[in-house]
Amino acid sequence: MHATVIATKFISSLLLLPASLILLCIVGMFLRRSYPSVGFVLSFASLLLLLVLSSEVGALLLAAPLERRVPAMEASAAGGAQAIVILGGGRISNAPEYNGEDIPNYQTLARLRYGARLQRQTGLPILVSGGMPDGSRVSEAALMANSLQEDFSVPVKWREEASDDTAQNAQFSAVILQQAGVRKILLVTDALHMSRAQRMFTQAGLEVVIAPSIFFSHERLTIKSFLPSGEGLRRSDYAMHEWLGILWFTIRSGQSQPAGEIAVAS
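Residues numbered from 1 in each chain as written. Predicted model: local features only at pLDDT ≥ 70, side-chain atom pairs only at ≥ 80, totals over all residues. Heavy atoms only, no water.

Undergrad: Describe the sheet that holds strand 6 (residues 184-190), listing the residues and the values that go with them.
TA: The parallel open sheet is built from 5 strands, whose spatial order is 5-4-1-6-7. In the strand order of this sheet, the two ends are held by strand 5 (158-160) and strand 7 (207-213), each with one partner. Within this sheet the neighbouring strands show an average axis-to-axis angle of 20°, counted without direction. Sheet topology places strand 1 (residues 83-87) next to strand 4 (residues 126-129); 4 bridges connect them, and they run parallel. Residue pairing in the sheet places isoleucine 84 in a bridge with isoleucine 126 of strand 4. (Pairing = 2+ DSSP bridges. Helix = DSSP H or I, 4+ residues; strand = E, 2+ residues; numbered from the N terminus. Axes fitted to C-alpha atoms, helices over the stretch in contact; angles between N-to-C directions.)

Shown next, in the form of structure tokens:
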């Protein structure tokens, strides 16, 4: 794993949940000696936010605005597309039930399932994108291709196996596709991830039709949805990661597009 990737992951982990709120609470505790009121407010606010964002309903405060930007793809939107691109979302390493091999995690598997569905509907060739950012010996793209072929009986035409992040997913995939004469794609990833991914693939020179999957904001709410849970915290952390990613991408690219005005290609 490259040093820059390690540094980026370390810094981002401190900015995300739950580390950011834990650190804020600790700062508040230290400030209570010199500034009792300020310290109390910081500590209380951090614990309150942790309580709220640990519920699935609380996670919607961060997730719903992102998902509203990327409606589910309509069948008519696929017209003119030349390929389907499925982005990797992680792996489960050393799975004992698969003889210690790595396999796609639940998030990646959901993307693959939707990508396979689109392939059957459109007949378009598939590119899978995902490298080895965690130092694995097998690329995520290889795991995805194997799963599509073995679990869904869907062929994969291209593998992008060198990327460490979404920006590289876009850059390296665009090179492969443009060499094959592909200019317009159906892009498959989670609804939370789609806003950032779409902007990066568009910047890489491709015309993008968004095909988002996994919409948390459309799920039925139950009493459990209002209670703190590991899943609620995971969703809040994921959404915060995407908000920070969009902000960082906007700063680095020098774009001034207002939030909420990300175009949806059709």
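That shown, we press on.
Undergrad: Could you give an account of the side chain of serine 136, with specific residues and numbers?
TA: Among the structural elements, serine 136 can be located in the loop between strand 4 and helix 6 (140-151). On the accessibility criterion, serine 136 (17% relative accessible area) is buried. Within the structure, the side chain of serine 136 is placed 3.4 Å from the side chain of arginine 91, a separation counted as a polar contact. Not counting chain neighbours up to four residues away, the residues in contact with serine 136 comprise Arg91 and Asp102. (Buried < 20%, exposed > 50% of the residue type's maximum accessible area, 1.4 Å probe, protein only. Polar contact = N/O pair within 3.5 Å; in protein donor to acceptor, adjacent residues only side chain to side chain. Contact = heavy atoms within 4.5 Å.)

Undergrad: How would you summarise the side chain of serine 46 if you had to cite specific residues and measurements?
TA: Within the secondary structure, serine 46 sits in helix 3 (residues 36-53). By relative accessible area, serine 46 is classed as buried at 1%. Every residue in contact with serine 46, bar those within four places of it in the chain, is listed here: Leu21, Leu24 and Cys25.

Undergrad: An account of helix 8 (residues 191-203) is needed here, citing residue identities and associated values.
TA: An α-helical turn contains 3.6 residues, so a residue and the one three or four places further along point in the same direction. End to end, helix 8 covers 19 Å across 13 residues, agreeing with the expected 18 Å (1.5 Å per residue, within 8%). Considering bend angle alone, the principal kink of helix 8 is centred on alanine 197 and spans about 30°. For helix 8, the set of buried residues is Ala191, Leu192, His193, Met194, Ser195, Arg196, Ala197, Gln198, Arg199, Met200 and Phe201. A positive phi of about 105° marks glycine 205, the residue just after helix 8. (Expected span 1.5 Å × (residues − 1). Bend = angle between axes of the 7 residues up to and from the residue.)

Undergrad: Give me the lowdown on helix 5 (residues 106-122), citing residues and values where you can.
TA: Taking 1.5 Å of rise per residue, the 17 residues of helix 5 would be expected to cover 24 Å, and the 24 Å separating its terminal C-alpha atoms lies within 8% of that figure. Burial in helix 5 covers these residues: Gln107, Thr108, Arg111, Leu112, Tyr114, Gly115, Ala116, Leu118 and Gln119. Capping the start of helix 5, asparagine 105 holds a side-chain oxygen 3.2 Å from the backbone nitrogen of glutamine 107, two or three residues further along. Just downstream of helix 5 lies glycine 123, where phi reads positive at about 75°.

Undergrad: Go over the packing of helix 8 against helix 9 (residues 230-253), please, and point to the residues and values.
TA: When two helices pack together, their arrangement is captured by the angle between the axes and the distance separating the axes. It is at 8 Å that the axes of helix 8 and helix 9 come closest, and there the two elements cross at 25°. The angle between the axes of helix 8 and helix 9 places the two elements in the roughly parallel class. Along this stretch, helix 8 crosses helix 9, giving a crossing that reads as left-handed. The residues of helix 9 that touch helix 8, namely those facing Leu192, His193, Ser195, Arg196, Arg199, Met200 and Gln203, are Arg235, Tyr238, Ala239, His241, Glu242, Gly245, Ile246, Phe249, Thr250 and Ser253. A per-class count over the contact of helix 8 with helix 9 returns 6 nonpolar, 7 polar and 4 charged. (Parallel < 35°, antiparallel > 145°, perpendicular 65-115°, else oblique. Left-handed = near helix turned anticlockwise from the far one by under 90°. Nonpolar A, V, L, I, M, F, W, Y, C, P; charged D, E, K, R; others polar.)

Undergrad: Break down the pairing of strand 2 (residues 91-95) for me, citing the residues and quoting the values.
TA: The pairing of strand 2 with strand 3 (residues 101-104) spans 3 bridges and is antiparallel. Paired with arginine 91 across the bridge in strand 3 is proline 104. Linking strand 2 to strand 3, which pair antiparallel, is a turn of 5 residues; within it asparagine 99 sits at a positive phi near 60°.

Undergrad: Pulling in residues and values, what's your account of the pairing of strand 7?
TA: Among the 7 residues that make up strand 7, 6 are buried, leaving the element largely enclosed by the rest of the structure. One ladder, built from 7 bridges, connects strand 6 with strand 7; its direction is parallel. By the bridge assignment for strand 7, valine 188 is matched with alanine 211. Handedness of the β-α-β unit built from strand 6, helix 8 and strand 7 comes out right-handed. (Right-handed = clockwise from strand over helix to strand, strands pointing away.)

Shape descriptors only; they carry no functional weight alone.
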